[in-house]
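Analysis of the macromolecular model
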Amino acid sequence: DRSRKEMTSVGGASTGIKGARNTTLIQGVFSLAKSAIGAGALALPHCFAQLGSLPGSLSLIFASLTTTIPLHFLARLAANTDLNSYFAIGNLAF
């Protein structure tokens with residue numbers, strides 16, 4: 001399979017990695033998509049199917065609020081102090 005061979009070589013030469021797995025182009029695309037989008041976003045349809053529309057929507061709103069509100073507080077803390085790293089702001093906040 002041509003796409004499998006292309007994924008295991010760089011510039012026509014073997015990668016030289018022992019135990020390297022052969023990956024098809026489709027598998028590589030989906031792996032990158034999962035990394036970029038995140039497992040949570042890919043699991044949303046399943047969660048909505050299990051919970052239903054209203055409980056699923058309420059759960060999604062709750063999750064977004066529990067993520068957004070602390071980040072908003074950390075951003076305000078960063079704006080009101082001279083701290084410039086996430087680690088320093090987190091230590092000050094908690």
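Residues numbered from 1 in each chain as written. Predicted model: local features only at pLDDT ≥ 70, side-chain atom pairs only at ≥ 80, totals over all residues. Heavy atoms only, no water.

**Section: the overall build of the protein chain**
Along its length, the protein chain carries five helices and two strands. Start at the N end of the protein chain and walk to the C end: the helices and strands fall as α-β-β-α-α-α-α. The buried share of the protein chain, taken over its 94 residues, is 7%. Sequence separation of 24 or more characterises 0% of the internal contacts of the protein chain that already satisfy a separation of 6 or more. As presented, the protein chain carries roughly 7800 Å² of accessible surface, and 65% of it is formed by carbon and sulfur atoms. (Helix = DSSP H or I, 4+ residues; strand = E, 2+ residues; numbered from the N terminus. Buried < 20%, exposed > 50% of the residue type's maximum accessible area, 1.4 Å probe, protein only. Contact = heavy atoms within 4.5 Å. Areas by Shrake-Rupley, 256 points an atom, 1.4 Å probe, with all protein chains shown as cover.)

**Regarding the environment of His46**
Looking at the secondary structure, you find His46 in helix 3 (residues 39-51). For His46, a relative accessible area of 53% puts it in the exposed group. Each C-alpha atom of the pair His46 and Gly56 lies 9.9 Å from the other, and the pair is ten residues apart in sequence.

**Section: helix 2 (residues 25-37)**
Taking 1.5 Å as the rise per residue, helix 2 with 13 residues should run 18 Å; its terminal C-alpha atoms sit 18 Å apart, in good agreement. Downstream of helix 2 by a residue or two, Gly38 has a phi angle that is positive, lying close to 100 degrees. (Expected span 1.5 Å × (residues − 1).)

**A few points about the packing of helix 3 against helix 4 (residues 53-80)**
The geometry of helix 3 relative to helix 4 is characterised by a closest axis approach of 7 Å and an angle of 130 degrees between their N-to-C directions. With respect to their mutual orientation, helix 3 and helix 4 come out oblique. For the crossing formed where helix 3 meets helix 4, the hand is right-handed. Here Leu44, Phe48 and Leu51 of helix 3 come into contact with helix 4, specifically with Ser53, Pro55, Gly56, Ser57, Ser59 and Leu60. (Axes fitted to C-alpha atoms, helices over the stretch in contact; angles between N-to-C directions. Parallel < 35°, antiparallel > 145°, perpendicular 65-115°, else oblique. Left-handed = near helix turned anticlockwise from the far one by under 90°.)

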